[in-house]
Amino acid sequence: MMYKVEKLKVNYKTLEEFKKFREYGLQELSMLEDLEANIIEDDSVSPFYGIYFGDKLVARMSLYQVEKKFDRYFEPAQDYLELWKLEVIADYQNKGYGKALVEYAKSFGLPIKTNPRVKSKDFWDKMGFSSVAYEMERDRGENPLVWYPDGVKEQLH
């Protein structure tokens, strides 16, 4: 099934929609706090993407581009995307919304790093993500998963 992924505006309507997303792990900051910190004006640059069912936001994620000079995951070193806070409202789970968001992120053609929620590894495996060799200094207690586009592999230190 095809879903339309939209860049979410940084505004109070979006903030109200985010209040419906309350499940997040201890490792994560609330996306709501991110939005409150970023509200400037309706058309400011937003890292938030979502899918609506009718006029209800039912799935969302944050997508940040990280510059090549900070790349410690991919070979060759390059700009990559960091996908955070992927969440689908419970009643809309297992209907392809999360997959649609991940496929949208992949469409940029850049490598992707994410820090998965507890008990979500099966989903990320299905999406083609894999673990990286853990490095204490780089990963700081996180267990990142990555997706490699063609021609990209894990950076070995």
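Residues numbered from 1 in each chain as written. Predicted model: local features only at pLDDT ≥ 70, side-chain atom pairs only at ≥ 80, totals over all residues. Heavy atoms only, no water.

Here we take up the pattern of salt bridges. For side chains bearing opposite charge, pairing can occur when the charged atoms are close. Across all of its chains, the model carries 7 salt bridges by this definition. Here Lys113 and Glu82 are joined by a salt bridge, their closest N and O atoms 3.0 Å apart. Taken as a pair, Lys113 in strand β6 (residues 112–114) and Glu82 in strand β5 (residues 80–88) lie far apart in primary sequence, 31 residues in all. Residue Glu103 pairs with Lys106 through a salt bridge whose shortest N-O separation is 3.8 Å. With Glu103 and Lys106 both in helix α3 (residues 97–106) and 3 residues apart, the pair spans about one turn of that helix. Relative accessible area serves as the criterion here: at 37%, Glu103 is assigned to the partly exposed category. A single salt-bridge network, built from bridges that share partners, covers Glu82, Lys113 and Glu142. (Salt bridge = Lys/Arg side-chain N within 4 Å of Asp/Glu carboxyl O. Helix = DSSP H or I, 4+ residues; strand = E, 2+ residues; numbered from the N terminus. Buried < 20%, exposed > 50% of the residue type's maximum accessible area, 1.4 Å probe, protein only.)

As a further point, take the side chain of Lys113. On the basis of relative accessible area, Lys113 is assigned to the buried category, the value being 3%. Within polar-contact distance, the side chain of Lys113 engages the side chain of Glu82 at 3.0 Å. Excluding anything up to four places from it in sequence, Lys113 contacts Tyr73, Phe74, Tyr80, Leu81, Glu82, Leu83, Glu142, Pro144, Leu145 and Val146. (Polar contact = N/O pair within 3.5 Å; in protein donor to acceptor, adjacent residues only side chain to side chain. Contact = heavy atoms within 4.5 Å.)

On to the sheet that holds strand β1 (residues 6–7), then. One open sheet holds the 7 strands; their spatial order is β1-β2-β3-β5-β6-β8-β7, and the pairing between them is mixed. Of all the strands in the sheet, the pair left with one neighbour each is β1 and β7 (130–131). Bridging between β1 and strand β2 (residues 48–53) involves 2 bridges; their strand directions are antiparallel. Looking across to β2, one finds that Glu6 is bridged to Gly50. (Pairing = 2+ DSSP bridges.)

What tends to happen in soluble globular proteins is that the nonpolar side chains get buried as a cluster. Formed by 31 residues in total, the largest nonpolar core has its most connected members in Ile51, Met61, Leu83, Tyr97 and Phe129. Sorting the residues of this core by element identifies β2, β3 (56–66), β5, α3 and β8 (145–147) as the ones contributing at least two each. Setting aside chain neighbours within four positions, we find Ile51 in contact with Tyr3, Lys4, Val5, Lys56, Leu57, Val58, Ala59, Tyr97, Ala100 and Leu101. With 7 residues, the next largest nonpolar core counts Val66, Tyr73, Phe74 and Val132 among its residues. (Core = buried A, V, L, I, M, F, W, Y, C linked by side-chain atoms within 4.5 Å.)

Judged by how many residues are buried, α3 sits mostly within the fold: 7 of 10 residues are covered. On its buried face, α3 sits against β2, β3, β5, β6, α4 (121–126) and β8.

Once that is clear, we can look at the confidence of the model for the chain. Looking at the chain as a whole, the pLDDT averages 83, with 81% of positions reaching at least 70. Mean pLDDT values over the elements of the chain span from 60, in helix α2 (residues 31–38), up to 96, in α3. Contacts from residues 24–29, a stretch scored under 50 in pLDDT, to residues over four places away or in other chains number 7 contacts. (pLDDT = per-residue confidence, 0-100.)

Before going further, it helps to examine the pairing of β3. With 8 of 11 residues buried, β3 lies mostly within the body of the structure. Relative to β3, β2 runs antiparallel, the two being bridged by 6 bridges. Paired with Gly50 across the bridge in β3 is Arg60. A loop of 2 residues connects β2 with β3, the two strands running antiparallel in sequence, and Gly54 in this loop sits at a positive phi of about 65°. Inspection of the sheet shows β3 paired to β5 by 7 bridges, in the antiparallel sense. Bridge assignment links Ala59 to a residue of β5, and that residue is Val88.

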